[in-house]
Amino acid sequence: MAASIERLAIVNPTANSNTVAFTADSTFLVSVIATNKSTQDNASISVWVAPSGNDAAGGRGYIVSNLTLSYSNSYETFRFAVNNTDVVRVVSSTADVCFYVQGIDQLVT
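First things first, this report covers the structure right here in the doc.

So, how was this worked out
Residues numbered from 1 in each chain as written. Predicted model: local features only at pLDDT ≥ 70, side-chain atom pairs only at ≥ 80, totals over all residues. Heavy atoms only, no water. Helix = DSSP H or I, 4+ residues; strand = E, 2+ residues; numbered from the N terminus. Rg over C-alpha atoms; globule rule 2.2 N^0.38 Å. Contact = heavy atoms within 4.5 Å. Areas by Shrake-Rupley, 256 points an atom, 1.4 Å probe, with all protein chains shown as cover. Lys, Arg positive; Asp, Glu negative; His and termini not counted. Charge placed at Lys NZ, Arg CZ, Asp CG, Glu CD. Pairing = 2+ DSSP bridges. Axes fitted to C-alpha atoms, helices over the stretch in contact; angles between N-to-C directions. Core = buried A, V, L, I, M, F, W, Y, C linked by side-chain atoms within 4.5 Å. Buried < 20%, exposed > 50% of the residue type's maximum accessible area, 1.4 Å probe, protein only. Salt bridge = Lys/Arg side-chain N within 4 Å of Asp/Glu carboxyl O.

Here's the deal with the overall build of the protein
Okay, so step 1: Looking only at helices and strands, the protein features zero helices and nine strands.
Okay, so step 2: Counting from the amino terminus, helix and strand elements in the protein follow one another as β-β-β-β-β-β-β-β-β.
Okay, so step 3: Here the C-alpha radius of gyration of the protein, 14 Å, is about what a compact globule of 109 residues would show, namely 13 Å.
Okay, so step 4: If you line up the protein on its principal axes, its C-alpha atoms span 45 × 30 × 20 Å.
Okay, so step 5: Considering only residue pairs separated by 6 or more positions, the protein has 82% of its internal contacts joining residues 24 or more positions apart.
Okay, so step 6: Entry remark: accessible area of the protein is about 5,700 Å², with carbon and sulfur atoms responsible for 48%.
Okay, so step 7: Taking the 5 positively charged and 8 negatively charged side chains of the protein as two groups, their mean positions are separated by 3 Å.

And the structure:
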């Protein structure tokens, strides 16, 4: 079977809440699209990987850190690898940001 791009998660976290967006059950190549749904306020967003779920500050792999996302705009991260049991986490300074996680399972046979 050929690998295909899959929707892995959609999350709309509350403001300033570190939120689990996706927990890998395989090895994936993923990207995260963040959309600021507000028509007035900018948001600050962060996306990181917690290897094997260990979210200690010193062990995080930041993909984006405190990026300003203008109102009514979107940002897509570059593609990054996550291993089995890694956790993708997100945070936004406002509740108006939606995070969409998409990826390709790298273990498809």
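We are not done yet, so read on.
Quick word on the sheet that holds strand 2 (residues 19–23)
Okay, so step 1: Strand order in this open sheet of four strands is 2-8-4-5, and the pairing throughout is antiparallel. Of all strands in the sheet, those with a lone pairing partner are strand 2 and strand 5 (61–69), marking the two edges. Going across the sheet, the axis of each strand differs from the next one's by a mean of 15 degrees, ignoring polarity.
Okay, so step 2: One ladder, built from six bridges, connects strand 4 (residues 43–50) with strand 5; its direction is antiparallel. Residue pairing across strands places S44 opposite T68, the latter belonging to strand 5.

As for the nonpolar core
Okay, so step 1: Counting residues in hydrophobic clusters, the biggest one holds 24 residues, and the most contacted among them are F22, V47, F80, V82, V88 and F99.
Okay, so step 2: Of all the secondary-structure elements, those providing two or more residues to this core are strand 1 (5–11), strand 2, strand 3 (28–36), strand 4, strand 5, strand 7 (80–82), strand 8 (87–92) and strand 9 (97–105).
Okay, so step 3: In contact with F99, not counting residues within four places along its chain, are A9, I10, V11, P13, V32, I33, A34, I45, V47, V90, V91 and S92.

Describing the pattern of salt bridges
Okay, so step 1: Here the structure, examined in full by the defined rule, presents three salt bridges.
Okay, so step 2: Its salt-bridge partner being R79, residue E76 comes within 3.3 Å of it at the nearest N-O pair.

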